[in-house]
Amino acid sequence: MWLKFFSNYKLTDVGFMATLNAVDPRDDNPLILVDESTVQQLRSPDIPLDASDSVHETWRIMAPQDHSVRARFDFFNLTDGSSLTVGYGSSPITFTILVELTGSELPEDITSPTRELWFRFVSDTGDSSRRKLRAACSLMGSGFLVNLTAERTEDINECLSNPCQNGGTCSDSLGGFQCFCPEGFKGDYCQTDEYECQSDPCQNNATCEDGINTFTCQCPYGVTGLYCETILDVCIGDPCMNDATCMEVGQGYQCQCASGFTGSRCETEFACSSNPCLNGGSCIQSGSVYACRCATGYTGQNCESIVIDPCQSNPCDGAAMCEVYYGGSYRCVCRQGFTGYNCDIDVNECSSLPCQNGGRCDNGQGRYTCECRLGYSGVNCEKVGYCDLDGEWYNDCNDKITIVKTSTGLLLGDYMTNEEILLGSSAPTVVVGYANQNEDFPTFGFMVGRDNGLSTTSWSGQCHLCDGEEVLYTTWTNTRQVNTCFEIKRSTRLGQDKWTRYPQDIAPRRDI
């Protein structure tokens, strides 16, 4: 449950008071009504058997006006770790408890001081030692049985239980009582401390502290009085420090700080105002602390120490150049091919893949060399000396053929369409052909049979070098299997292909 309260500072003498009691959601038994002529019987769960572990039950009994509830036990045996609590009033509250019962002795009769009585039963929570005791006593049965009736009240004094709290005076009445509370408390039992700060009595931004039937105003600086209603000369007492000048501003004050100080009361000294950095060092302020940036050749917190030339020990590796840095440190200017604070890390020049046309890159100190494939030359293997049919080739449609040339000039390989490359699977394919093996730019021919003979394509052409790149220019003939003689006239197609070493939907990367 939650409560939400909205207030209006313009309204006074309004509000609400509520008494909150904790109620177990398992206490859902209906109200038991008793009178003088009938007897209501209340019994524990599962009597005469042991109640289940961790059972919580609450019963509420109400008698007519000007009557009390009388409870007489016929059977009582709670030696299994269970307990029965009896109290008066409408719900279980600690200070309304009349008796807490356990064991096997039959309790005396109980008469409620008011017209309402409640019973709360809690079974064993499962402790092993209590289970042993429960087993030993099981022959005599377990639980309780109580008869409930109503009795007319004559002169029961409800004040005997001292229901009024916090010094409240109890006044007995027929079938009830009334609490007269001392000042500062309220409620049916005088249980609530009145909040004297509700009316916001403190002025000038003072803080109200509630007490018992009183309140105290904690006044800000320069204000006094019971309600902090009197404003003093805020500069009395010299609130400003370090020879600062105090000026009254509105209901407060402001400090005009002397040179070298800051803060609302001039309590903080500028760290650099005393020029702490020596030997030409510059002072850097950071709040209330400082740091010195020393000139070349000096070090220390205040640049008070002379340092030796940091480059004298030749810290930079190889042919790197050492330069003196401010604060007595150094830095290395690395030669090409090296990096690191001391230039001692060799850069891997092969990481940029400079060798082309399948050349192998060998990294050295500050340099690299390319070992070119047969037929290629140049620093980066960029020069082509002849046309090599071996390897992968791509046509205008980005179909790919992989050719392996044998020592006799026989061509074998595999063929995949662009769609098959994208899907990652291909139909059954056979590639076979022949090439002139005695020429630098050979002519060749090869055939591709696909789908177990459903389609056959043959290419013929020559390998050329165009703008320094290997290119296959071919003419092709494609024949597809048909079912009739009429269709065979249209089953053959002719065309041309240009094959390159790279997919032709992207530009060649000559710098890799």
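These numbers come from a predicted model, not from an experiment.

Q: How do you make sense of the nonpolar core when you look at a structure like this?
A: Most often, soluble globular proteins keep nonpolar side chains buried together rather than apart. In this structure, Phe-73, Leu-84, Phe-119 and Phe-144 are the most contacted members of the largest nonpolar core, which totals 22 residues. When contributions to this core are tallied by element, the ones reaching two or more residues are strand S3 (56-62), strand S4 (67-77), strand S5 (83-88), strand S8 (116-122) and strand S9 (143-152). With 17 residues, the next largest nonpolar core counts Leu-411, Tyr-415, Ala-435 and Trp-499 among its residues.

Q: Got a minute to help me understand the side chain of Thr-79 in this structure?
A: Positionally, Thr-79 belongs in the loop between S4 and S5. A relative accessible area of 18% means that Thr-79 is categorised as buried. At 3.3 Å, the side chain of Thr-79 and the side chain of Asn-77 are in polar contact.

Q: What exactly am I supposed to notice about the UniProt feature "domain: EGF-like" (unreviewed entry) in the protein chain here?
A: Summarizing the sequence annotation, UniProt attributes the feature "domain: EGF-like" (unreviewed entry) to residues 155-191, 193-229, 231-267, 268-304, 307-344 and 346-382 in the numbering used throughout. Here residues 193-229 runs as 0% helix and 30% strand, with 26 Å between its end C-alpha atoms.

Q: Mind showing me how you'd approach a nonpolar patch on the surface here?
A: Taken together, the side chains of Val-404, Leu-410, Leu-412, Val-432 and Met-447 make up a nonpolar region of the molecular surface, amounting to roughly 370 Å² of accessible area. Assignment of secondary structure puts Leu-410 in strand S36 (residues 410-416).

Q: Can you walk me through the packing of aromatic side chains in this structure?
A: The geometry of two aromatic rings is summed up by the distance between their centres and the angle between their planes. Counted by the stated rule, this structure contains 10 aromatic pairs. Ring plane angle 80 degrees and centroid distance 5.9 Å describe the contact between Trp-459 and Trp-499, whose orientation is recorded as edge-to-face. Here Trp-499 lies in strand S41 (residues 492-499) and Trp-459 lies in strand S39 (residues 455-466), a separation of 40 residues in the sequence. Trp-499 matches Trp-459 in its accessibility class, with the two residues each being buried.

Q: Where do I start with the pattern of salt bridges in this structure?
A: For side chains bearing opposite charge, pairing can occur when the charged atoms are close. Per the stated rule, a full pass over the model turns up nine salt bridges. Put simply, Arg-72 and Asp-109 hold a salt bridge, and the shortest N to O gap is 3.0 Å. Of this pair, Arg-72 sits in strand S4 while Asp-109 sits in the loop between strand S6 (97-101) and strand S7 (110-111), and the two are 37 residues apart along the sequence. By relative accessible area, Arg-72 is classed as partly exposed at 45%. Taken together, the shared-partner salt bridges in this structure form one network comprising Arg-70, Arg-72, Asp-109 and Glu-151.

Q: Where do I start with the state of the cysteines in this structure?
A: A covalent bond between the sulfur atoms of two cysteines is what we call a disulfide. Inspection of the entire model under this criterion finds 18 disulfides. Here Cys-272 is linked by a disulfide to Cys-283, with a sulfur-sulfur distance of 1.8 Å. On the sign convention where negative means left-handed, the S-S torsion of about -80 degrees between Cys-272 and Cys-283 marks this disulfide as left-handed. Of the two residues, Cys-272 is situated in the loop between strand S21 (268-269) and strand S22 (282-286) and Cys-283 in strand S22; the sequence distance between them amounts to 11 residues.

Q: Please clarify how the sheet that holds S7 should be interpreted in this entry.
A: Think of a sheet as strands paired side by side through backbone hydrogen bonds, with each pair either parallel or antiparallel. Taken in spatial order, the four strands make up an open sheet running S2-S9-S4-S7, and their pairing is antiparallel. On the outer flanks of this sheet lie strand S2 (40-43) and S7, each paired with one strand and no other. Sheet analysis places S2 next to S9, joined by four bridges and oriented antiparallel. Residue pairing in the sheet places Gln-41 in a bridge with Asn-147 of S9.

Q: Looking at this structure, I do not really get the sheet that holds strand S35 (residues 400-405). What am I missing?
A: What the eight strands build is an open sheet, ordered S34-S35-S36-S37-S38-S39-S40-S41; its pairing is antiparallel. Of all the strands in the sheet, the pair left with one neighbour each is strand S34 (391-394) and S41. Adjacent strand axes in the sheet meet at a mean angle of 25 degrees, parallel and antiparallel pairs treated alike. With seven bridges connecting them, strand S37 (residues 429-435) and strand S38 (residues 443-450) associate as antiparallel partners. When the bridges of S38 are listed, Val-431 appears paired with Val-448.

Q: Explain the environment of Gln-178 to me, please; I cannot follow it from the model alone.
A: Position of Gln-178 relative to the elements: it lies in strand S11 (residues 176-180). Considering only alpha carbons, one finds Gln-178 and Gly-168, 10 residues apart in sequence, at a separation of 9.6 Å. What Gln-178 contacts, discounting residues up to four positions off in sequence, is Cys-164, Thr-169, Cys-170 and Ser-171.

Q: Can you walk me through unusual backbone geometry in this structure?
A: When glycine is set aside, most residues are seen to have a negative phi, and most peptide bonds are trans. Of note in the backbone geometry, Cys-266 takes a positive phi value of approximately 60 degrees without being a glycine. Along the polypeptide, Cys-266 turns up in the loop between strand S20 (261-262) and S21. Owing to a relative accessible area of 0%, Cys-266 belongs among the buried residues under this scheme. In this structure, Cys-381 takes a positive phi of about 60 degrees despite not being glycine. Tracing the chain through its elements places Cys-381 in the loop between strand S32 (376-377) and strand S33 (383-384). Overall, the relative accessible area of 0% leaves Cys-381 in the buried class.

Rules of the game
- Residues numbered from 1 in each chain as written.
- Predicted model: local features only at pLDDT ≥ 70, side-chain atom pairs only at ≥ 80, totals over all residues.
- Heavy atoms only, no water.
- Core = buried A, V, L, I, M, F, W, Y, C linked by side-chain atoms within 4.5 Å.
- Buried < 20%, exposed > 50% of the residue type's maximum accessible area, 1.4 Å probe, protein only.
- Helix = DSSP H or I, 4+ residues; strand = E, 2+ residues; numbered from the N terminus.
- Polar contact = N/O pair within 3.5 Å; in protein donor to acceptor, adjacent residues only side chain to side chain.
- UniProt positions renumbered as here; feature names shortened; annotations may be inferred.
- Patch = residues over 30% accessible without salt bridge, like charges linked within 9 Å, V, L, I, M, F, W, Y side chains within 5 Å.
- Areas by Shrake-Rupley, 256 points an atom, 1.4 Å probe, with all protein chains shown as cover.
- Salt bridge = Lys/Arg side-chain N within 4 Å of Asp/Glu carboxyl O.
- Phe/Tyr/Trp six-rings, centres within 6.5 Å; stacked < 30°, edge-to-face > 60°.
- Disulfide = S-S within 2.5 Å.
- Pairing = 2+ DSSP bridges.
- Axes fitted to C-alpha atoms, helices over the stretch in contact; angles between N-to-C directions.
- Contact = heavy atoms within 4.5 Å.

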